[in-house]
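Here are the chains, one letter per residue:
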Number of protein chains: 4
Amino acid sequence: MLMTIDGSSSEPLYVQIRDQIVAGIATGALEPGQSLPSVRALASDLGINLHTVNKAYAVLRDEGYVAMRGRAGAVIADPSTAASPGTEAAQAKMGDELFRLALAFRARGGTCAAFLEAAAAQADRAYGAAAAGIADGAGAAAEAPHPAAFAGGAPACIDSASDSPERKAQR
Amino acid sequence: MLMTIDGSSSEPLYVQIRDQIVAGIATGALEPGQSLPSVRALASDLGINLHTVNKAYAVLRDEGYVAMRGRAGAVIADPSTAASPGTEAAQAKMGDELFRLALAFRARGGTCAAFLEAAAAQADRAYGAAAAGIADGAGAAAEAPHPAAFAGGAPACIDSASDSPERKAQR
Amino acid sequence: MLMTIDGSSSEPLYVQIRDQIVAGIATGALEPGQSLPSVRALASDLGINLHTVNKAYAVLRDEGYVAMRGRAGAVIADPSTAASPGTEAAQAKMGDELFRLALAFRARGGTCAAFLEAAAAQADRAYGAAAAGIADGAGAAAEAPHPAAFAGGAPACIDSASDSPERKAQR
Amino acid sequence: MLMTIDGSSSEPLYVQIRDQIVAGIATGALEPGQSLPSVRALASDLGINLHTVNKAYAVLRDEGYVAMRGRAGAVIADPSTAASPGTEAAQAKMGDELFRLALAFRARGGTCAAFLEAAAAQADRAYGAAAAGIADGAGAAAEAPHPAAFAGGAPACIDSASDSPERKAQR
DNA sequence: GTGGTCTAGACCACT
DNA sequence: GTGGTCTAGACCACA
């Protein structure tokens, strides 16, 4: 599990760490039960302060991604087990973020199908990704494997788009 | 175009303004060529500082949503002609945000189909929405109209999903 | 809203602050919308580091008791509004704590009625308390107003007690 | 008396042991006079360090739950004869914990009756429980048997509840 | 050895 | 002016 830090990013360091660990969990690079490096070790590896790593771990613990066992470091939590409280809150938050993105997409003149295409492309990127190295997202290229197949088969928002005739953009 | 400010939100005020204007553009409440209220007027309407509105407008300009015309105030940009420099950067950023969301979704144990279902639900919400009042996203309920239709017709991540077990076997 | 800190307590300082603010909210000494002192001001008043107060505020924010508005300090959240996510999680946690206390009470030889009496006494203390000074709990005297009335009218656990005949303690 | 340890819990190991022994005493699985396993035996059974079990026993002794008899190991104390010094301190502590819970409950907007209902539900859980396996409280569902009967018959906080509106008027 | 807590001083974004 | 973040160094509880 290789991790890198971009000190010049506007993203807080502890968020960068959090995101990479979440990505690691998602791609299977980090499996439930596996131990994370100690705060001191990771801090020294990354060349940052241990409190920063500590905060990242605390956030991950609060979000239910890892369990802290004081004694023996932090371990990846099993998502199936315990279904940490706050899960549905987190899901609602993700829904709202998707909504915001969809609005921004539409405001840019993108069609609904194009948005779903983009979502499918990113989903493929996230779900197809093996445990290979995943950068922290700065300028990633987004190679969509086969988005067209998706856009063609999804009638979901053709309806919604057609039922808002007062919308005059897209021209 | 009614706008409201939630002073107790953790979202910066200028971001709240930006989001609502973007939502207005998306829903058609604000059309290309239309003038935004002057910085002074909006600031006084909302009871906030000039600088805050100014910053919101600057962000919208940088993102290519509006064009600033010195004396004449700000007007909504036409997305089709908007070859503004920030556009592709903004699009890449949206792709990355979708990617991050997909990763977080997967890390929580969600399937690819479920993610696309959620994306479709939010897309319906964003694209189906007329120019009615759209709150700034505080805990909206979403109510996906017909997500199942989407999940059924999307071959995009059936593949990714099906190669998930064999990924598990790789280790 | 007077606050005191006991540096010799085993309770972390930030928890002491949190508890007193929660107590203030409960008793009405702090009302929804009211501003809390700034981290710097409170820290200097209490003679502790601002980071400690900051942590207390962060915990209160995470628990949904207060809203942080970066710009203008922290304000008491309205419990009726928004019903912050994680509420049911917090309630489950409180239920488990009550369960643990009930078990400890029973292990000490206390009857079920006595436990409910104690709970009623403390409930009266918490709910009857006006906005008067409430110490941070070190050796409080627990003046139960009228616990007997309660114990007499509650048939709830007479049954439960009698239906566990294998229990041989209480003698 | 089966005991289990959750190494990934945030609860210290010695507290987990203490809680399970207290639960055992409460449910009758451990009776006054009965011997606890030796420190060595329990430590080896649980696969943890001697010191950890030792600390758990020391805490139980300090709280008056068990009596240490040098060579003969630890035996469950008889609650009726237990005039141990720590007893009243422990009882005061339990009262304070109830008070803190009641305050937190009220601060979240819960009524006094609801708090007593929750307490009654947990009391039923604790007092109704036979010597069956009692997990260490991770997300147990509770299922209050008949809380309504309790809330209806308790005049204790009807008073407090009814003076709540007039308290609001005082300001 | 682990993470948790407290202190201290600095810079930054937002208003 | 506010809180948020990062750094730095120290002590403590737990194992």
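Calculation rules
- Residues numbered from 1 in each chain as written.
- Chains lettered and ligands numbered in written order.
- Predicted model: local features only at pLDDT ≥ 70, side-chain atom pairs only at ≥ 80, totals over all residues.
- Heavy atoms only, no water.
- Helix = DSSP H or I, 4+ residues; strand = E, 2+ residues; numbered from the N terminus.
- Buried < 20%, exposed > 50% of the residue type's maximum accessible area, 1.4 Å probe, protein only.
- Contact = heavy atoms within 4.5 Å.
- UniProt positions renumbered as here; feature names shortened; annotations may be inferred.
- Polar contact = N/O pair within 3.5 Å; in protein donor to acceptor, adjacent residues only side chain to side chain.
- Near = heavy atom within 4 Å.
- Phe/Tyr/Trp six-rings, centres within 6.5 Å; stacked < 30°, edge-to-face > 60°.
- Expected span 1.5 Å × (residues − 1).
- Salt bridge = Lys/Arg side-chain N within 4 Å of Asp/Glu carboxyl O.
- Nonpolar A, V, L, I, M, F, W, Y, C, P; charged D, E, K, R; others polar.
- Axes fitted to C-alpha atoms, helices over the stretch in contact; angles between N-to-C directions.
- Parallel < 35°, antiparallel > 145°, perpendicular 65-115°, else oblique.
- Left-handed = near helix turned anticlockwise from the far one by under 90°.

So, the overall build of chain A
Phase 1: Helix and strand content of chain A: seven helices and two strands.
Phase 2: The linear arrangement of helices and strands in chain A, starting from the amino end, is α-α-α-β-β-α-α-α-α.
Phase 3: Counting over 171 residues, chain A shows a buried share of 42%.
Phase 4: Contacts in chain A between residues at least 24 apart in sequence constitute 51% of all its contacts with a sequence separation of at least 6.

Looking at the UniProt feature "domain: HTH gntR-type" (unreviewed entry) in chain A
Phase 1: UniProt's entry tags residues 11–79 of chain A with the feature "domain: HTH gntR-type" (unreviewed entry), counted in the numbering of this structure.
Phase 2: Its end C-alpha atoms 26 Å apart, residues 11–79 of chain A is made of 52% helix and 9% strand.

Brief notes about the side chain of Arg106 of chain A
Phase 1: Secondary-structure assignment places Arg106 of chain A in helix 4 (residues 87–107).
Phase 2: At 2.8 Å, the side chain of Arg106 of chain A forms a polar contact with the backbone oxygen of Ala26 of chain B.

Here we look at the protein's contact with DNA strand E
Phase 1: Taken together, 24 residues are adjacent to DNA strand E, and Leu13 and Lys55 of chain B together with Leu13, His51 and Thr52 of chain C come closest.
Phase 2: Take the atoms of DNA strand E that sit within 4 Å of the protein: sugar and phosphate atoms are 70% of them.
Phase 3: The contact in question runs from a phosphate oxygen of DNA strand E to an N or O atom on the side chain of Asn54 of chain A, over 3.0 Å.
Phase 4: For the surface near DNA strand E, the secondary-structure elements that each account for two or more residues are helix 2 (39–46) and helix 3 (50–62) of chain A, helix 1 (13–27) and helix 3 (50–62) of chain B together with helix 1 (13–27) and helix 3 (50–62) of chain C.

Let's talk about the packing of aromatic side chains
Any pair of aromatic rings gets described here by the distance separating the centres and the angle formed by the planes.
Residues and elements named next belong to chain B.
Phase 1: Across all of its chains, the model carries four aromatic pairs over all chains by this definition.
Phase 2: With centroids separated by 5.5 Å and ring planes inclined at 65°, the aromatic side chains of Phe105 and Phe115 adopt a geometry described as edge-to-face. Separated by ten residues along the polypeptide, Phe105 in helix 4 (residues 86–107) and Phe115 in helix 5 (residues 112–128) bring together distant segments of the chain.
Phase 3: Judged by relative accessible area, which is 7%, Phe105 ranks as buried.

Re helix 4 (residues 87–107) of chain C
Phase 1: Taking 1.5 Å as the rise per residue, helix 4 of chain C with 21 residues should run 30 Å; its terminal C-alpha atoms sit 30 Å apart, in good agreement.
Phase 2: Once helix 4 of chain C finishes, Gly109 of chain C follows within two positions and takes phi at roughly 95°, a positive value.

Quick notes on the pattern of salt bridges
Phase 1: The tally for this structure, following the rule as stated, stands at 20 salt bridges over all chains.
Phase 2: In this structure, Arg18 of chain A and Glu63 of chain A form a salt bridge, with 2.6 Å as the shortest nitrogen-oxygen distance. You can see Arg18 of chain A sitting in helix 1 (residues 13–27) and its partner Glu63 of chain A sitting in the loop between helix 3 and strand 1 (66–68), a full 45 residues away along the chain.
Phase 3: According to the relative accessible area criterion, Glu63 of chain A is partly exposed, its value standing at 22%.
Phase 4: Ionic pairing is found between Asp19 of chain C and Arg100 of chain D, a salt bridge with its closest N-O pair at 3.5 Å. Taken together, the residues span two chains, with Asp19 of chain C in helix 1 and Arg100 of chain D in helix 4 (residues 86–107).
Phase 5: A network of salt bridges, in which partner residues are shared, links Arg18, Asp19 and Glu63 of chain A together with Arg100 of chain B.

Observations concerning the protein's contact with DNA strand F
Phase 1: Near DNA strand F you find 24 residues, and of these Leu13, His51 and Thr52 of chain A together with Leu13 and Lys55 of chain D are the closest.
Phase 2: Within 4 Å of the protein, the atoms of DNA strand F are drawn from sugar and phosphate moieties in a proportion of 71%.
Phase 3: The backbone of Val39 of chain C places a nitrogen or oxygen atom 3.1 Å from a phosphate oxygen of DNA strand F.
Phase 4: Every element with two or more residues in the surface near DNA strand F is listed here: helix 1 and helix 3 of chain A, helix 2 (39–46) and helix 3 of chain C together with helix 1 (13–27) and helix 3 (50–62) of chain D.
Phase 5: Looking at the surface near DNA strand F residue by residue, the class counts come to nine nonpolar, nine polar and six charged.

Quick look at the packing of helix 1 of chain C against helix 3 of chain C
Residue and element names in this part refer to chain C.
Phase 1: Direction vectors running N to C along helix 1 and helix 3 enclose 50°, while the axes themselves pass 8 Å from each other. As far as their axial angle goes, helix 3 and helix 1 are oblique. The handedness of the crossing between helix 1 and helix 3 is right-handed. Contacts between helix 1 and helix 3 involve Leu13, Tyr14, Ile17, Arg18, Ile21 and Val22 from the former and Thr52, Val53, Lys55, Ala56, Tyr57, Val59 and Leu60 from the latter.
Phase 2: The residue makeup of the contact of helix 1 with helix 3, split by class, is ten nonpolar, one polar and two charged.

With respect to the packing of helix 4 of chain A against helix 5 (residues 112–128) of chain A
Residue and element names in this part refer to chain A.
Phase 1: Remark: helix 4 packs on helix 5, axes separated minimally by 10 Å, with the N-to-C direction vectors making an angle of 130°. Of the possible angle classes, the one that applies to helix 4 and helix 5 is oblique. Classified by chirality, the crossing of helix 5 by helix 4 is right-handed. Counting all contacts with helix 4, which are made through Leu98, Leu101, Ala102 and Phe105, the residues of helix 5 involved are Ala114, Phe115 and Ala118.

Details of the environment of Ala121 of chain C
Residues and elements named next belong to chain C.
Phase 1: Here Ala121 is to be found in helix 5 (residues 112–128).
Phase 2: Assessed through its relative accessible area of 9%, Ala121 is described here as buried.
Phase 3: Along the backbone, Ala121 and Thr87 are 34 residues apart, and their C-alpha atoms lie at a distance of 25 Å.

A short note on helix 1 of chain D
Side chains that are three or four residues apart share a direction in an α-helix, a result of its 3.6 residues per turn.
Phase 1: Between its first and last C-alpha, helix 1 of chain D extends 21 Å over 15 residues, near the 21 Å set by a 1.5 Å rise per residue.
Phase 2: Positive phi appears at Gly28 of chain D, one or two residues downstream of helix 1 of chain D, with a value of about 90°.

Observations regarding the side chain of Gln16 of chain B
Phase 1: For Gln16 of chain B, the location among the structural elements is in helix 1.
Phase 2: Within the structure, Gln16 of chain B has its side chain in polar contact with the backbone nitrogen of Asp6 of chain B (distance 2.8 Å).

Observations concerning the environment of Val39 of chain B
Phase 1: With respect to the secondary-structure elements, Val39 of chain B resides in helix 2 (residues 39–46).
Phase 2: Not counting the four nearest positions on each side in its chain, Val39 of chain B is found in contact with Leu50, Val53, Asn54 and Tyr57 of chain B.

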